[in-house]
Amino acid sequence: MDLTTRYLGLELRNPLVAGAGPFNAELDNIKRLEDLGAGAVVLPSIFEEQIEHEQQLMEDLITVGTDSYAEALTYFPSQAAYAVDPVRYLDLIRRATAAVDIPVIGSLNGATDHGWVEYARQIEEAGADAVELNIYFIPSDLDLTGRAVEQRYIDILKTVKAAVRIPVAVKIGPYFSAIGNMARELDKAGADGLVLFNRFYQPDIDLERLALVSDLDLSRPNECRLPLLWLGVLAGRVKASLAASTGVDSAVEVVKYLLAGADVVMTTSALLREGVQHIQSLRDGLEHWLAARGIHSLAAIRGCMSHRNIPDPMAFERANYIRILQGYGRK
Ligand SMILES: Cc1cc2nc3c(=O)[nH]c(=O)nc-3n(C[C@H](O)[C@H](O)[C@H](O)COP(=O)(O)O)c2cc1C
C-alpha cells in the first residue's frame, strides 16, 4: 500500500502527522511516534512572549555586565514558568532530528512581526525540516479593520520567509470574512503550507464563582466539518500544501480530510485522549479503508471529493444550505 504524500515539499511515508501538542516536547514520545508510524511530528510552539522574555534577559545581562549567561539565567525564576524555554527548544530540535528519520517541524506562535521572528532562523539552524507559524491573534481592538488583520498575517509570514530557507506552513483560525482569499494571499506571500484550522481559546463563565473559566476542551469529531469545507474549497486552487487539523478522532476523519483534499492530517486531541499509540490505529484504519475498496495508493483518493472534483460543486455552497434547511426533518 502506497501511503506516501508530499507536504511542504517534503516526502512523507504517510499523511498522519502528530500535531503541535505537549507530548511532542518529549524526545521519547517523538521516537515512539516514529516507531508507531507517524509521517511527521510538529513540536509544541515556542511563543513570541517566551522569545522576547529571553531577549530581554540577554539585554539585562549585557547591561549589568554579567558574563556567565547560564548561571545568570537562574536569577530569573519567571523563565521556569514555561515548559520549554527557547534554548532548550533548539536543543529538542537537535536531539529529535538526530534521533528520527521522519520530518520534525518546529512551531512558532505569535502575533507580531517584531524581532522574535528571527528565532525562525535558529529553528532552521538547529535542523528542523520546516517551521509551522501559528499566528494566534484575537482582534479585540474595535478600531482594527479586517484588512489590517489580514495584512498582519501577511507581514509576519513574509518576515519569517525572509529569515529562513526551510519551508514555512501557516496555521490559521477560521475567523476571516473571506478565508479563500486569505488563503490565496498567504499562498502568494510564499506560504509553503496552510494548516486549517487552529482552535482559538474561548473562555467560558463559571456561574457559581462568577469568574471566567480558561480551560481547554479537547476537540470532538463533529468539529471536522468546518476544516473539511475549506479544504474542499481550496484543494487544487492554491500552490501551498494543505494540512487538516481539528477533530481527528479515528480513521473516519482521516479519510474524509484526504477525500476533501488534505495532503496531511494532523491530530493532537486524540493523542492526548488515547495516548501516542493511537497514531498507529489511525494509520491502520486508513490502510484498511483503502484496502477494503481495492485502492492501493493514497494518491488515488486525495482530493477526489473536493470542490473541483465533485459533479455538483454547489454542494459546498449556499444552494446546499437552502436544501438542507428546507429539507430538515423530511426523509
Ligand atoms: C493541550 C494542547 C496543546 C496545544 N499546543 C499547541 C501548540 O503549542 N502550538 C500549536 O500550534 N497548537 C497547539 N495546540 C493545537 C493543536 O495543535 C491543534 O491545532 C488543535 O488542538 C486542533 O486539533 P485536534 O482537534 O487534533 O486537537 C494544542 C492543543 C492542545 C489540546
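Undergrad: A description of the nonpolar core should follow, citing residues and the corresponding values.
TA: Ranked by size, the top nonpolar core spans 84 residues in total, and within it Leu33, Leu108, Ile123, Tyr153, Leu186, Leu194 and Tyr257 carry the most contacts. Those residues within four positions of tyrosine 257 in sequence are excluded, and the remaining contacts are Glu223, Cys224, Pro227, Leu228, Leu231, Ala244, Ser245, Thr246, Val248, Ala262 and Val265. Within the second largest apolar cluster, 15 residues are counted, among which are Leu10, Ile105, Ala130 and Ala243.

Undergrad: Describe the pairing of strand 8 (residues 193-196), naming the residues involved and giving the relevant values.
TA: With burial as the criterion, each face of strand 8 is covered, one bearing Gly193 and Val195 and the other bearing Leu194 and Leu196. Here strand 7 (residues 168-172) pairs with strand 8 via four bridges, running parallel. Paired with isoleucine 172 across the bridge in strand 8 is leucine 196. In this view, the connection linking strand 7 to its parallel neighbour strand 8 by way of helix 7 (residues 179-188) has right-handed handedness. Looking at chain direction, strand 8 and strand 11 (residues 241-245) are connected through four bridges and run parallel. Pairing of leucine 196 across the sheet is with alanine 244, part of strand 11.

Undergrad: Break down the pairing of strand 4 (residues 40-47) for me, citing the residues and quoting the values.
TA: For strand 4, the buried fraction is high: seven of the eight residues fall into the buried class. Bridge count between strand 3 (residues 16-18) and strand 4: two bridges; the pairing is parallel. What sits directly across from alanine 18, in strand 4, is valine 41. The sheet contact formed by strand 4 and strand 5 (residues 104-110) spans five bridges and is parallel. Directly across from valine 41, in strand 5, lies its bridge partner valine 104.

Undergrad: Summarise the sheet that holds strand 4; cite the residues concerned and give the values.
TA: Strand pairing within a sheet occurs via backbone hydrogen bonds; the two strands may be parallel or antiparallel. Read around the closed barrel, eight strands run 3-4-5-6-7-8-11-12, paired in parallel fashion. With strand direction ignored, the average angle separating the axes of adjacent strands in the sheet is 25 degrees. Where strand 5 meets strand 6 (residues 130-135), six bridges bridge the pair, whose relative direction is parallel. Among the inter-strand pairings, leucine 108 is bridged to a residue of strand 6, identified as leucine 133. Packing against the sheet, helix 4 (residues 86-99) makes contact with strand 4 and strand 5, and its axis sits at approximately 170 degrees to strand 4.

Undergrad: Could you give an account of helix 6 (residues 146-163), with specific residues and numbers?
TA: Over its 18 residues, helix 6 extends 26 Å from the first C-alpha to the last, a length consistent with the 26 Å expected when each residue adds 1.5 Å. Those residues of helix 6 not exposed but buried are Val149, Glu150, Tyr153, Ile154, Ile156, Leu157, Val160 and Ala163.

Undergrad: For helix 1 (residues 27-35), give the residues involved together with the corresponding values.
TA: The set of residues buried in helix 1 consists of Leu27, Asn29, Ile30, Leu33 and Glu34. Mapping the buried residues of helix 1 onto a view down its axis gives an arc of 165 degrees, with all of them on the same face. Structural note: helix 1 exposes Asp28 and Asp35 on the side pointing more than 90 degrees away from its buried face. Tucked into the core, helix 1 has its buried residues touching strand 3, strand 4, helix 4, helix 10 (269-274) and helix 11 (278-292). Of the residues flanking the end of helix 1, it is glycine 37, one or two places downstream, whose phi is positive at about 110 degrees.

Undergrad: Kindly report on the packing of helix 8 (residues 225-234) against helix 9 (residues 251-260), identifying the contributing residues and their values.
TA: Packing of helix 8 against helix 9 leaves a shortest axis separation of 8 Å and a crossing angle of 25 degrees. One element, helix 8, and the other, helix 9, form an angle in the roughly parallel class. In this structure, helix 8 contributes Pro227, Leu228, Leu231 and Gly232 to the contact, and helix 9 contributes Lys256, Tyr257 and Ala260. Tallied by class, the residues present in the contact of helix 8 with helix 9 amount to five nonpolar, one polar and one charged.

Undergrad: Which residues make up the site of the ligand, and what values go with them?
TA: Taken together, 17 residues sit near the ligand, with Ala20, Ser45, Asn134, Ser219 and Ser269 positioned nearest. Measuring from an oxygen atom of the ligand, one finds a side-chain N or O atom of asparagine 134 at 2.6 Å. Serine 269 places a polar side-chain atom, nitrogen or oxygen, 2.5 Å from an oxygen atom of the ligand. Coverage of the ligand by the protein chains reaches 87% of its 600 Å² of free accessible surface.

About the cut-offs
- Residues numbered from 1 in each chain as written.
- Predicted model: local features only at pLDDT ≥ 70, side-chain atom pairs only at ≥ 80, totals over all residues.
- Heavy atoms only, no water.
- Core = buried A, V, L, I, M, F, W, Y, C linked by side-chain atoms within 4.5 Å.
- Buried < 20%, exposed > 50% of the residue type's maximum accessible area, 1.4 Å probe, protein only.
- Contact = heavy atoms within 4.5 Å.
- Helix = DSSP H or I, 4+ residues; strand = E, 2+ residues; numbered from the N terminus.
- Pairing = 2+ DSSP bridges.
- Right-handed = clockwise from strand over helix to strand, strands pointing away.
- Axes fitted to C-alpha atoms, helices over the stretch in contact; angles between N-to-C directions.
- Expected span 1.5 Å × (residues − 1).
- Arc of directions from axis to C-beta.
- Parallel < 35°, antiparallel > 145°, perpendicular 65-115°, else oblique.
- Nonpolar A, V, L, I, M, F, W, Y, C, P; charged D, E, K, R; others polar.
- Near = heavy atom within 4 Å.
- Polar contact = N/O pair within 3.5 Å; in protein donor to acceptor, adjacent residues only side chain to side chain.
- Areas by Shrake-Rupley, 256 points an atom, 1.4 Å probe, with all protein chains shown as cover.

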